[in-house]
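If you want the building blocks of each chain, they are given just below.
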Amino acid sequence: MDLILQSLFSGVLQGGSYALIGLGLALVFGTMKVINLAHGELVLLAAYVAYTVESQLHISPLWAIPFALVLVCACSVTVYFLVARIKTDRELNSLILTYGLGVILTNAILLTWSADVHSSTAGWLQSALMVGPLFSMRGKVLFFGVAIVLMAVLWWWLARSWYGRAVRAVSSNRAAAKIMGINPRTTELVSFIVAGILAAFAGVAIYSYGVIEPSAGHVLTIKAFIITVLAGIGSIPGVLIGGFLLGITESLTVTYASSALQELAGMVLFLAVLFVMPNGLFGSRARRG
Amino acid sequence: MKCSILRNAFLAAVACCMAVGTAQAKDILIGVDVPMTGSLARVGTGTAQGIETAAAVFNAKHDDYTIKLIQIDDESQPAKAVAAVEKLASEGVVAITGGYGSNNVGPASAAANELGLPYITSGAIDSSLTQRGFNTFFRINNAQGYRKAVVGLLETMQVKKVSILYSTKEATTHLAQGAEKALSEKGVTVSMHAFSPGMTSFTSLMNKVRLRDRPDAILMSGYENDYIGILRAARILKPDVKAMVGLWSLATPRMIEDFPKLMQNVYGTASLPYPVNFKTEAGRAFAKQYQALFHITPDYVAEYAFVQARVLFAAVLRAAEAGTLETGGVAKELAKTDMQTMIGRIRFDAKGDNVNFSNNMGQIQGDKIVIVWPDNQASGEMVFPGVPW
């Protein structure tokens, strides 16, 4: 019993982490129909900012969040302006463009921080936290909470704020939104900024409880992409559920089969959901963006 | 008169050229294929530094020949390693050294073999590499040496149950399987757990090991990022084990510096203690030269690279003196190697494996690496039971 409980608990926490990584990609995908293949690298960039702050200033990586927000949002805005220059076949050409930007970012990270493996040494974040009979790392639980809060805020923002409604309107029908007085370019820019904010939090989270290296960016992008598709385009609750599903599936696979099959199990889940529900778990009905 | 002056000037010039020619050392180009970026950059840098030290020592000793290194970064990728070998061949190198990771060295050394270039390494221990029938491939260390060290340590600890967590890469898988076989033959109960190289969260796996296997010791067959992930999960779940044992790239000064708490009492293969204490004159000379060049203390990665390069340069010198440098002489001279080095006697079998290789096991204690196995190499007492939590 302890085995399955711990497995589910670890899977849920891991799922929260995946959801936080996938949220920014889902938002941009929902509003612009652009798959930002540099999203993982933006997350990784924030992780390296956290590493720099911790190693140079000898303070908790949590203090890196403001620095990461500025840098990652600036990069995200740059990605937006480059994507916005695409006039034809934006969905396909943006794939190529953002893939290229991801490669450039990876190499910039490599040149700036070298290829060494880095991980936080913050004792508080690394220490064990017991929830009844269940164990986890304090940092993982903390950022699980942060992920839930950010998702709730994003959900509220999309549902209640003017800009949130504008994002949904542009996502639904760009031309009609324009006629109604919404500037689609500003709205899309806002989406990229919000995606940058989410990527900054995700990056600091990953550095706080994981291991980073320059080649990790594309792995993060793949995870984010799987969750976005599992969720259904633009669905915020779907991202959370998709993250949980992926995390729990991987965790149960490790516990009851083999850890070598973890990635395969995630892909099988991805294909199975697409086969049964081609629009993803939440399709277009429950969409908030 | 004018003709005579011109003739004398010409003869003087020829004489000068001849004089310079005899006084100048002959350059011998050696290719260095190493991962300076990518996941193996840390060990690749150590390897490159060890080779550069060997070249500096060689050049200081020999007036008639100068070793010139041409280094290419293979970015820790097999395709780039092959491209590096082809580029080095086009630059006219007579042999290639370096390489790290069996999955990179495998295709790189195959490319070198096709081009007729000898390839010597200390960074690839996969058993299959020496089963290919190449007469140009040589390595100074191998899986048997690592396996013997790990199994020897676990035997000394008298553990009855061991869980082996291994990355599904070739070298780590073969080593784990070899350790499983050797430990099972000694009556130890072994549980095997494979994991993908990109795995980041080891909590579920460690929990399974903790609750199902209940081992006396955990053996980790992986690389730096794997060790960090496994040790982190173990620190949280605190399995009731007596030892956490790893392989290469673990008991290194850099890991102690970066993760001091996480690495406490962890065991890993290490031919040298830290701080380094060389017992031989050759070892002390290596350390002095290395520190002069790089202003840091050498670790075992640099030491192995120094030894592999020294073996190669000795073979190159013999081939050069025999006039067979350009006609496949280097590989033949390497095959004849019988040399005492800092890591012991080196002699290659017909497949290019060093038949005398054996490794030591070190334990991280505070900011030191203490050699704890075998007894005749030990630099201190083992802390046992000992775990990082």
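Reading the values: the criteria
Residues numbered from 1 in each chain as written. Chains lettered and ligands numbered in written order. Predicted model: local features only at pLDDT ≥ 70, side-chain atom pairs only at ≥ 80, totals over all residues. Heavy atoms only, no water. Helix = DSSP H or I, 4+ residues; strand = E, 2+ residues; numbered from the N terminus. Buried < 20%, exposed > 50% of the residue type's maximum accessible area, 1.4 Å probe, protein only. Lys, Arg positive; Asp, Glu negative; His and termini not counted. Salt bridge = Lys/Arg side-chain N within 4 Å of Asp/Glu carboxyl O. Polar contact = N/O pair within 3.5 Å; in protein donor to acceptor, adjacent residues only side chain to side chain. Expected span 1.5 Å × (residues − 1). Arc of directions from axis to C-beta. Contact = heavy atoms within 4.5 Å. pLDDT = per-residue confidence, 0-100. Buried area = accessible area lost by both parts, 1.4 Å probe. Disulfide = S-S within 2.5 Å. Patch = residues over 30% accessible without salt bridge, like charges linked within 9 Å, V, L, I, M, F, W, Y side chains within 5 Å. Areas by Shrake-Rupley, 256 points an atom, 1.4 Å probe, with all protein chains shown as cover. Pairing = 2+ DSSP bridges.

Draft legend 1. Main features of the side chain of Asp126 of chain B. Residues and elements named next belong to chain B. Structurally, Asp126 can be placed in the loop between strand E4 (119–121) and strand E5 (137–139). Although Asp126 is buried, it forms no salt bridge, and the closest oppositely charged side chain is Arg139 at an N-O distance of 6.4 Å. Polar side-chain contacts of Asp126 include one of 3.1 Å to the side chain of Ser128.

Draft legend 2. Expanded view of helix H12 (residues 262–276) of chain A. All names here are of chain A. For H12, which comprises 15 residues, the first-to-last C-alpha distance of 21 Å matches the rise-based estimate of 21 Å (1.5 Å per residue) to within 8%. Listing the buried residues of H12 in full gives Gln262, Ala265, Gly266, Leu269, Phe270 and Val273. End-on view of H12: buried residues confined to an arc of 140°, all on one side of the axis. Residues of H12 that are exposed and point over 90 degrees away from its buried face: Leu264, Leu271 and Phe275. Elements in contact with the buried residues of H12: helix H1 (2–32), helix H10 (217–231) and helix H11 (236–256).

Draft legend 3. Region of interest: the confidence of the model for chain B. Residue and element names in this part refer to chain B. Per-residue pLDDT for chain B averages 90, and the proportion of residues at 70 or more is 94%. At the level of individual helices and strands, chain B shows its lowest average pLDDT in helix H1 (residues 2–23), which scores 49, and its highest in E4, which scores 98. In this model residues 14–22 is a low-confidence stretch, pLDDT under 50, and it forms zero contacts with partners more than four residues away in sequence or in other chains. Interface predicted TM-score (ipTM) for the complex: 0.82; the corresponding pTM is 0.80.

Draft legend 4. How the structure looks around the interface of chain B and chain A. At the interface, 31 residues of chain B touch 33 residues of chain A. Together chain B and chain A conceal approximately 2600 Å² of surface at their shared face, both sides included; 55% is due to carbon and sulfur atoms. When the buried area of chain B at its contact with chain A is split by residue, Ser204, Arg232 and Ile236 of chain B rank highest and sum to 23% of it. If you look at where chain B meets chain A, you find zero salt bridges. Between the two partners, chain B and chain A, sit 13 residue pairs in polar contact (both at pLDDT 80 or more). Listed by contribution, the elements that provide at least two residues to the side of chain B that touches chain A are helix H2 (41–61), strand E7 (189–195), helix H7 (203–213), helix H8 (224–237) and helix H9 (253–258) of chain B. At eight residues, H7 of chain B tops the list of elements feeding residues into the side of chain B that touches chain A.

Draft legend 5. Representation of the state of the cysteines in the model. Residues and elements named next belong to chain A. Evaluated as defined, the whole model comprises zero disulfides over all chains. Looking at Cys73, it has no disulfide partner, and the nearest cysteine sulfur is the one in Cys75, 9.4 Å off. Look at Cys73 and you get buried, because its relative accessible area is 13%.

Draft legend 6. Examining a nonpolar patch on the surface more closely. Residues and elements named next belong to chain A. Residues Met1, Ile4, Leu5, Leu8 and Tyr256 make up a contiguous nonpolar surface patch of roughly 470 Å² in combined accessible area. Broken down by element, the nonpolar patch gets its largest block of residues, three residues, from H1. When you line up the elements, Ile4 lands in helix H1.

Draft legend 7. Molecular detail of the side chain of Lys223 of chain A. Residues and elements named next belong to chain A. For Lys223, the location among the structural elements is in helix H10. For Lys223, a relative accessible area of 8% corresponds to the buried category. Beyond its immediate stretch of four places on either side in the chain, Lys223 contacts Tyr18, Leu246, Glu250 and Glu263.

Draft legend 8. Examining the pairing of strand E11 (residues 338–341) of chain B more closely. Residue and element names in this part refer to chain B. The two faces of E11 differ: Met339 and Thr341 on one face are buried, but Asp338 and Gln340 on the other face are not. In this structure, E11 lies alongside strand E12 (residues 344–347), joined through four bridges in antiparallel fashion. By the bridge assignment for E12, Gln340 is matched with Arg345. Here E11 folds back onto E12 in antiparallel fashion, the turn holding two residues.

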